[in-house]
Structures are given as structure tokens and as C-alpha cells.
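# Breakdown of the fold
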There are 2 protein chains.
Amino acid sequence: MFAARCLFRALRSCSSAPSPRLKPSAKLSVRDALGAQSTNGERVKVQGWIRSVRSQKEVLFLHVNDGSSLQNLQVVADSSFDSRELAFGSSVEVQGQLVKSPSKRQNVELKAEKIEVVGNCDAKDNGFVHIHTPIITSNDCEGAGELFQVEPSSKIKLPEENFFNVPAFLTVSGQLHLEVMSGAFTQVFTFGPTFRAENSQSRRHLAEFYMVEAEISFVESLQDLMQVMERLFKSATTVVLSNCPEDVELCHKFIAPGQKDRLEHMLKKNFLIISYTEAMEILKQASQNFTFTPEWGGDLHTEHEKYLVKHCGNIPVFVINYPLALKPFYMRDNEDGPQHTVAAVDLLVPGVGELFGGSLREERYHFLEQRLARLGLTEAYQWYLDLRRFGSVPHGGFGMGFERYLQCILGIDNIKDVIPFPRFTHSCLL
Amino acid sequence: MFAARCLFRALRSCSSAPSPRLKPSAKLSVRDALGAQSTNGERVKVQGWIRSVRSQKEVLFLHVNDGSSLQNLQVVADSSFDSRELAFGSSVEVQGQLVKSPSKRQNVELKAEKIEVVGNCDAKDNGFVHIHTPIITSNDCEGAGELFQVEPSSKIKLPEENFFNVPAFLTVSGQLHLEVMSGAFTQVFTFGPTFRAENSQSRRHLAEFYMVEAEISFVESLQDLMQVMERLFKSATTVVLSNCPEDVELCHKFIAPGQKDRLEHMLKKNFLIISYTEAMEILKQASQNFTFTPEWGGDLHTEHEKYLVKHCGNIPVFVINYPLALKPFYMRDNEDGPQHTVAAVDLLVPGVGELFGGSLREERYHFLEQRLARLGLTEAYQWYLDLRRFGSVPHGGFGMGFERYLQCILGIDNIKDVIPFPRFTHSCLL
């Protein structure tokens, strides 16, 4: 039905021009089209994905690529072909004449006679509402531990001990604020800076970094969360590859040879899922000697994460159901045993290790109340507990480190190279 | 040419259906169309702006409004009408049949036979590159004064005095970092949180607030800057009015009656321009008694700003060329006298007062060197001075307070009501 409509539209668009008697079109790859020696107007067919769109008053330019070449094929069409469906990332079949290009940028271009959209690429927001969660917060004990405290500099004198009356910190995560907002908007996300006062000089830690965080009401299983995470990774990557092909190719060519293939491998495959318990079994059976001996109840260290990803064939892998004792108070109790776990999930990716962290949240009042009481946090988190008293729903969410994401897709080894002004211990330039 | 192409396309789109012999169409306002009693398929013409677009496989829905009614007119069209030009904010003339709507949401809808785009609304980024400027910075003396200092909370012990080796602060502006990036990308902007440790309980100050900041290379006059500022205000407002008409109408109806008219007045008129010196003359001649007596060389206080906006007929007004002694070291010296000024500009708007602040930057090495030396800042800003040594260009930029912008267009009196988690002295909830 859909293809029929496209065909109908394309034919209709053509009908205003005198219709030449068409010869059957030869199918060419983008590489072959670009390398064509004779351009005597032979009729060809090219299939690929739209890498850029430039819509002018009289004419429409598309750059199309099918992966056979680093260079795109320029398609030139009458502006009557223009439609909302011809967007970044849409797959198309273009028929037309291969002609010599008047521009010096390319030898040939494809003069379109027919453009059929094979698959739409609709960059919708999926109904998520963007929330700006605050940077300064009085939550001081979310379990992340390493906090920056904020006070007016010595120039300012206030009669009170604290500017905000209470100790104030730089946020380590917008999660708790997103949980507040998900109770009004169902699906919310934030994209902003977060902070850790970690004394680390590693290649994957910054004192100031960006996170994409999402929180979704009425989610009842980790499977639902993992689906959103995998789609986010894949669709964001498709958009980056479509919008900034030259920048990505620069990195892949000069900094990380082979990364293009590794990334395509990740995008093609379904991500894997293993439990924390299975992960520990795999690590115990490994022939490799680890600095930290793998043991049920212990953290997954970077060396473990890297081994697991390699073990999984360099496909991103979700690790689920972590020991309750390892994770913060807000994660949902799986009520299993004797090895007591919570519904947590981390996504490990090649080259980087942990990229996403998420969980179902403990939405049951009495479970959460007991966990907070055991940790002596009841008073500080009364407001959070109250969210479970008034219209509580099963919900969950996750965060993705944005600089690590860039490392992963670009193949850049050091996190300090993917941010213009990196901040880490001993360094805060400009 | 453009209208001819639209007409041509519309006619071509129609040509696939049997073409009824058309009666001349009666022109109706949206209000009259919505109130039509008989809907026996009479042929009408409606002109207005597109408020929303819903593109389905077989059918295209547009909501069109011309300001005559709070409710939009639903236009239903065959999907062959769909084009990139039918976007939020575009102005259109629609001809078709007024029919009874099958939906309960409205009585009538307009079945389109012809849609002509009168004016495009192309929400392009105008070539500005989005930069994430850092939150934590070691710049401690930009002239804004009231800074928050950042240190690891007491839990963390490092052998050094400072985590970053140097005192670190929360940013008061991304400007200096944008100036670095504008030297590579020509036109850049940032949108992010900024901080002031001001001991203020006013209705237009927050300790944590958002700013849109832009920096443009090869700008040589305040006129060029003001043009960008006015366009940003007007185009952003058009987008907000198009994308969120219901939310805006809610505020205008229940919180700020009359605001709709005040806003339309601002959007229709060209913003005014007066010099600081002229502003002082106007204030001195005012019959009003001010708390702060206006005097050349003194600050413009809120009461002065409000008077000036009222004096200008409640049209936004740019105030330019402020005393050199009032403004930070980076603003460009006008080399005038005896009243020495710099090329600074503030935009004052109804209800809020100062909304934008900007300037040409001092791009001349020796001028900047002397200013820094006089302030004892040469060492701290050597890196900034160096920007004038290597490929310096005339440039300038501005910042707009985002919460104040929302106050201005929505008519909301207190800045704490336009942000979900407001932070100010004595308050940092959640």
C-alpha cells in the first residue's frame, strides 16, 4: 500500500514532463555509479540510504550511499519530488539518468526520474518529554558517593552557614528528579551535565560529563527497558552516521581503522542478554588471570567487562539482575534467593565497557520504606517515599554516558578527546 | 516564481482526482468557518498559519489559525498534498469544502482542494554550531562577581589543596569558551545552566538559570548583532506559539489576561534602539520619582528599565553604548569621549526589563592588553589575550536568560514559576 502510494506519487510527479520511452534500468552500486566512465545518459537504478537532503526552490539534492563507497552519490531531482519522507536515513530506490555533473565536487550525478521510499526514517521523539533537571541539588547520598559541594566563593558573606540553608551538591544523576516528572508526563528524558569528584586519571572517567537519562512509567520488565536502550543506541547512531558522515569517516579512517566494520557489526546484531550470575560463571571459567578475582557479590571491573564483551563476540551485552547489596536503595527487589538480586541492568559495549546503567525502580511503598530505614535515609528521602504513596506505578529508567557513547561509535580511546573542555583531577583549563 | 510553483504543484496534485467545476470561493476567517451553521459542502477560502501538522499514510491533517479564534480549524487533505513546506508556522491559503467533521472534537473541518504556501517558515539553524561549554571553570573574575565555588565534599580527601589544583567555580557565562570555539566554527551557540550566588529573593533572579548564548565571528557592528537578537526573539516565539499553542493559551487565558495582545504587539513592531546617554536623558526628564537617581555613569536599575520600556510604547528596546567603567574588560572600546563608552547592548522587554545582554568584543591586542593590565588580570587571562594574537577577527555575541524569556512571552510574574526545580537563597528543594 505504502510503496504503491510512493510509486503513484512519483509517476504523477513525472507526468508533467513529456515522458520519454524508458529502457529497463541497470542496477548499480554507488561505487559503480561514481566510477562510471561513460555518462551518455544511460538509465540506471541505485538503492541506498539518504545521507543528506538539500531542498531548494527549483531543485532537490539528495546524497545517497549504500556502503559501497566513502563518497556519496548526488541525486538531483525536480523539487516536485520533495516530500517529508525524503529524510536523513530513509532508504530509497532511485531511477534515472547518470549524467556528467556540472559541479567540480563529483564527476557524475544521478538525474532522478523516479524516487521510491523503501523504508521511512521518522526521527520522532516517541512521546518523551525533555526535562531540564537541576545541576545543584540537596540530595547528598544517592549511593554514587563522590560528590562536589557548592558554596558561594569567599567574596560572598551570608549570615547563614549555607547559601541554600542545607548543604548543596552538583548532581550525579537527574534520575530522582525525572522520577518526579515521570509521574506527570509518563515518559521523560534529560540531557545534561553530571559530576563525579572521582580521583581518577582513567581513559573513561571525567569529573564533568553528559548523560542522556530516561524514565518511563508503567514499565514492568527489564525487557521493556532494554528494548528502549537498544533502540536508542541504534537510532542515535543511525542519525549521527546520516547527519555527520564526513566527521565519522574522518575518525574511522585516521584514528580507528576497522571501527566502521566493528560498528556495523554492532548495529546489525541483536544485543545479547546475560544475568550477573551467568557473567560471574563465565569469568570464573576464563583462562585469563584477572587483577580482581571474580566472585559472586563483587563488582564487575573494567577488565571483567572487556572480557565479557569479547566473550560475546564483540556484540553489546546487557548484564541483568545484580546483587541487592551492590546497588542503590531505589532498585527493585527481585525477591529471589538465596542470592538476593535487584532488577538492575548495565549495557557493556566493545572498547568502552559499561555504557548504560538502569533498573526498575522500587515502586512498592513498604519495600522502599524498609530499605531506606535500614540505611538510615528515611528522613532525607521522605519526599521520594511520598512518590510511592500517591499514584505509584511500576516504572524504570536508565542513563547513558554521552562521551562514552561517542568513544564507542567513533573508536576514540581516551574520553578526554571527545569533549572540548575536559575536566578531571588536577585539570580545569580555561 | 515561488507562488507559481506552489500553484502548479497544487494543481498537479488535484489532477489525479476528477476535477469538479469550482464555484468561486468565499473567504472566511477561522472563527466564521468554525461557526458555520450549514455545511453543505460550500466552497470557501481560509488564510492563516499552520499550528500543527499530522502526516498519515493516506491523509494529512493541518491545524490552521488566523488569530480570530482560540480554536484552530482542522484542514483535511489527501497525503499527496504533503510537502516539507507545510510546516509549523508557515502561512497558507487553503481552498476547499467546509464539511461536517466525523470527529467529536470539532463541528466542521475544511476538506482541502488547493493549498498554497504564502510564506515559508524554515526553522533552520542558520549555520550556528551548538557547543556544550563547561559548567566547572577556573575563570574566577569575569566581572559578574557572585560565584559558587566547587570542591569535593568532605568525604573525599586528596593530598592537594584543590581537586583541580586551582580554585574552580560554577560558570556564570559560556562566553569566553564560545569565543574560543567561534575562532574555529565562525558562528556558535550554547544553551545550558549558568549560576550566580546572588543573595536575591527577587521575581527575576535564580541561583541556577539557563542562558542561550551566541558568538559570531566577522561581526563589525552592533546593528548586525541586534538583528540576530531580534530575529532570535521573534522566530523562537513563533516556534513556541506554533508548537505549544494550548500551553501558551492556558497561560494567556488564566494567568496573564491581555498578554496575547501585548505579545502580538511586540512581534509586529520593529524593536527600538536608543543609546545609554539618550536613556539617561529620558530618565532625568521623567516626572516619576526613582529610588535610584538616574545619572550618567550609573547602572540602569529595574525601575529605570521598566520606565524606559513603557516610555517606548511597550515595544522591546535596545540600549547601546554603555560607559566603559560599567562594563567588563572584554567589551570593545568605542574610543569616544569625553563620555567614554563601549559597544555594549542590552535588550529591555515589557514585564521583565533586561532580557539580552551583549557586546562587540575587544579584538585588538593592545587595547585588550592595556585593559587587563589596568585590572591586574593579565596573567589569569593570558590565554584569552592569546586569542587576539593568532588570527583575531572582529566578533561579538550575546546571552539571553531563558527563564526571563519564558516570563516575557507567557506573562508570568515570578521567575520561580517557569522552572521545575527553582534554586535561590535559602531554597534547594529535592
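Above this text is the structure in question.
We now turn to the structure provided with this report. Quick caveat: nothing in here was measured; it's all calculated off a predicted structure.

## Some details on the overall build of chain A
- Along the backbone of chain A there are eleven helices and 17 strands.
- With 430 residues in all, chain A has 52% of them scored as buried.
- Intrachain contacts of chain A at a sequence separation of at least 6 include 66% that bridge at least 24 residues.
- Within the structure as shown, chain A displays about 20200 Å² of accessible surface, and the carbon and sulfur contribution to it stands at 52%.

## So, the packing of aromatic side chains
- One pass over the full model with this rule turns up 38 aromatic pairs over all chains.
- Where Phe 163 of chain A meets Phe 164 of chain A, the ring centres are 4.8 Å apart and the plane angle is 80°; that geometry is what we call edge-to-face. Each member of the pair Phe 163 of chain A and Phe 164 of chain A is classed as buried.
- Seen in terms of ring centroids, Tyr 276 of chain B and Tyr 322 of chain B are 5.3 Å apart; in terms of plane orientation they differ by 40°. Their pairing is tilted. Taken together, the residues span a long stretch of sequence, with Tyr 276 of chain B in helix α7 (residues 276–284) and Tyr 322 of chain B in strand β14 (residues 317–323) at a distance of 46 residues.
- Residue classification places Tyr 276 of chain B among the buried positions, given a relative accessible area of 0%.
- Its guanidinium or amino end placed over the ring of Tyr 322 of chain A, Lys 327 of chain A lies 4.3 Å from that ring's centre, counting from NZ or CZ.

## Regarding the sheet that holds strand β15 (residues 341–349) of chain A
Residues and elements named next belong to chain A.
- Taken in spatial order, the eight strands make up an open sheet running β7-β11-β12-β17-β16-β15-β14-β13, and their pairing is mixed. On the outer flanks of this sheet lie β7 (129–130) and β13 (272–275), each paired with one strand and no other.
- In this sheet, strand β17 (residues 395–401) lies alongside strand β12 (residues 208–217) in antiparallel orientation, the contact comprising seven bridges. When the bridges of β17 are listed, Ser 217 appears paired with His 395.

## Some thoughts on helix α8 (residues 302–311) of chain A
- All of the buried residues in α8 of chain A are Glu 303, His 304, Glu 305, Tyr 307, Leu 308 and Val 309 of chain A.
- Looking at the buried residues of α8 of chain A, the elements they touch are β13, α7 (276–284), β14 (317–323), β15 and β16 (353–360) of chain A.

## Quick word on the environment of Leu 385 of chain B
Residues and elements named next belong to chain B.
- On the secondary structure map, Leu 385 appears in helix α10 (residues 382–386).
- Leu 385 gets classed as buried once you look at its relative accessible area, which sits at 1%.
- Spatially, the C-alpha atom of Leu 385 lies 15 Å from that of Ser 182, the residues being 203 residues apart in sequence.
- Ignoring any residue separated from it by four or fewer positions in sequence, one finds Leu 385 in contact with Tyr 365, Leu 368, Glu 369 and Leu 372.

## What about the sheet that holds strand β7 (residues 129–130) of chain B?
Residues and elements named next belong to chain B.
- Spatial ordering of the open sheet is given by β7-β11-β12-β17-β16-β15-β14-β13, a layout of eight strands whose pairing is mixed. Each edge of the open sheet carries a strand with a single partner, namely β7 and β13 (272–275).
- With six bridges joining them, strand β15 (residues 341–349) and strand β16 (residues 353–360) adopt antiparallel strand pairing. Counterpart to Asp 346 in the pairing with β16 is Gly 357.
- Across the sheet, helix α4 (residues 222–243) lies against β12 (208–217), β13, β14, β15, β16 and β17 (395–401), angled at about 145° from β16, the strand it touches most.
- Along the sheet face, helix α11 (residues 402–410) touches β11 (187–195), β12, β15, β16 and β17 and points at about 60° away from the line of β17.

## Points about a nonpolar patch on the surface
- Judged by side-chain polarity, Leu 250, Phe 254 and Ile 255 of chain A come together as a nonpolar surface patch covering roughly 350 Å² of accessible area.
- One can find Ile 255 of chain A in the loop between α5 (245–254) and α6 (259–268).

## Looking at the packing of α6 of chain A against helix α11 (residues 402–410) of chain A
All names here are of chain A.
- Where α6 contacts α11, the axes come no closer than 8 Å and their chain directions differ by 110°. Considering the angle they form, α6 stands roughly perpendicular to α11. Between α6, through Gln 259, Leu 263 and Met 266, and α11, the contact on the second element is made entirely by Cys 408, Ile 409 and Leu 410.
- Taken together, the residues of the contact of α6 with α11 break down into five nonpolar, one polar and no charged.

## Overview of the pattern of salt bridges
Residue and element names in this part refer to chain A.
- Scanning the model with the defined rule gives 26 salt bridges over all chains in all.
- With a closest N to O distance of 2.7 Å, Asp 413 and Arg 203 form a salt bridge. With Asp 413 in the segment after α11 and Arg 203 in the loop between β11 (187–195) and β12, this pair connects stretches of sequence that are 210 residues apart.
- Note on Arg 203: relative accessible area 48%, which makes it partly exposed.
- Residues joined by salt bridges that share partners form a network here, namely Glu 335, Glu 362 and Arg 364.

## Some details on unusual backbone geometry
- Note the cis peptide between Gly 337 of chain A and Pro 338 of chain A, where omega equals 0°.
- Relative to the assigned elements, Pro 338 of chain A resides in the loop between β14 and β15.
- Although it is not a glycine, Phe 218 of chain A adopts a positive phi angle of roughly 65°.
- Within the fold, Phe 218 of chain A resides in the loop between β12 and α4 (222–243).
- A positive phi angle, near 60°, is found at Asn 314 of chain B, a position not held by glycine.

## Quick word on helix α6 (residues 259–268) of chain B
Residue and element names in this part refer to chain B.
- By the burial criterion, the buried members of α6 are Gln 259, Leu 263 and Met 266. For α6, the buried positions fall inside an angular range of 60° around the axis, keeping them on one side. Residues of α6 that are exposed and angled more than 90 degrees away from the buried face: Asp 261 and Lys 268.
- Contacts from the buried residues of α6 go to α4, α5 (245–254) and α11.

## Looking at the pairing of strand β2 (residues 43–55) of chain A
Residues and elements named next belong to chain A.
- Where strand β1 (residues 26–28) meets β2, three bridges bridge the pair, whose relative direction is parallel. Each bridged residue has a counterpart across the sheet, and for Lys 27 the counterpart in β2 is Lys 45.
- Strand direction decides the pairing type here: β2 and strand β5 (residues 91–100), joined by seven bridges, are antiparallel. Its bridge partner being in β5, Lys 45 is matched across the sheet by Gln 95.
- Inspection of the sheet shows β2 paired to strand β3 (residues 59–65) by six bridges, in the antiparallel sense. Its bridge partner being in β3, Ser 55 is matched across the sheet by Leu 60.
- Hairpin geometry of β2 and β3 is characterised by an intervening segment of three residues between the two adjacent antiparallel strands.

## Topic: the environment of Val 345 of chain B
Residues and elements named next belong to chain B.
- Tracing the backbone through its elements, the reader meets Val 345 in strand β15.
- Among the residues examined, Val 345 registers a relative accessible area of 0% and is labelled buried.
- Sequence-wise, Val 345 and Tyr 276 are 69 residues apart; in three dimensions their C-alpha atoms are separated by 9.0 Å.
- For Val 345, the contacting residues outside a window of four places in its chain are Leu 222, Met 226, Met 229, Phe 318, Val 319, Ile 320, Phe 356, Gly 357, Gly 358 and Ser 359.

## A look at the side chain of Arg 51 of chain B
- Tracing the sequence through the fold places Arg 51 of chain B in strand β2 (residues 43–55).
- No salt bridge forms around the buried Arg 51 of chain B; measuring N to O, its nearest opposite-charge neighbour Glu 264 of chain B is 6.3 Å away.

## Quick look at the pairing of strand β9 (residues 148–152) of chain A
- Only one face of β9 of chain A is buried: it carries Phe 148, Val 150 and Pro 152 of chain A, and the other face, with Gln 149 and Glu 151 of chain A, is open.
- Examined bridge by bridge, β9 of chain A and strand β9 (residues 148–152) of chain B share five bridges and lie antiparallel to one another. Bridge pairing links Glu 151 of chain A to Gln 149 of chain B in β9 of chain B.

## Notes on the state of the cysteines
Residue and element names in this part refer to chain A.
- By the definition in use, this model includes zero disulfides over all chains.
- Not engaged in a disulfide, the cysteine Cys 408 finds its nearest cysteine sulfur in Cys 251; these two sulfurs lie 13 Å apart.
- The exposure class of Cys 408 is buried, given its relative accessible area of 2%.

## Re the side chain of Arg 361 of chain A
Residues and elements named next belong to chain A.
- On the secondary structure map, Arg 361 appears in the loop between β16 and α9 (365–375).
- A polar contact of 2.9 Å, which involves the side chain of Arg 361, links it to the side chain of Glu 215.
- A distance of 3.3 Å separates a polar atom in the side chain of Arg 361 from the backbone oxygen of Gly 397.

Criteria and thresholds
Residues numbered from 1 in each chain as written. Chains lettered and ligands numbered in written order. Predicted model: local features only at pLDDT ≥ 70, side-chain atom pairs only at ≥ 80, totals over all residues. Heavy atoms only, no water. Helix = DSSP H or I, 4+ residues; strand = E, 2+ residues; numbered from the N terminus. Buried < 20%, exposed > 50% of the residue type's maximum accessible area, 1.4 Å probe, protein only. Contact = heavy atoms within 4.5 Å. Areas by Shrake-Rupley, 256 points an atom, 1.4 Å probe, with all protein chains shown as cover. Phe/Tyr/Trp six-rings, centres within 6.5 Å; stacked < 30°, edge-to-face > 60°. Lys NZ or Arg CZ within 6 Å of the ring centre and 35° of its normal. Pairing = 2+ DSSP bridges. Axes fitted to C-alpha atoms, helices over the stretch in contact; angles between N-to-C directions. Patch = residues over 30% accessible without salt bridge, like charges linked within 9 Å, V, L, I, M, F, W, Y side chains within 5 Å. Salt bridge = Lys/Arg side-chain N within 4 Å of Asp/Glu carboxyl O. Parallel < 35°, antiparallel > 145°, perpendicular 65-115°, else oblique. Nonpolar A, V, L, I, M, F, W, Y, C, P; charged D, E, K, R; others polar. Arc of directions from axis to C-beta. Lys, Arg positive; Asp, Glu negative; His and termini not counted. Disulfide = S-S within 2.5 Å. Polar contact = N/O pair within 3.5 Å; in protein donor to acceptor, adjacent residues only side chain to side chain.

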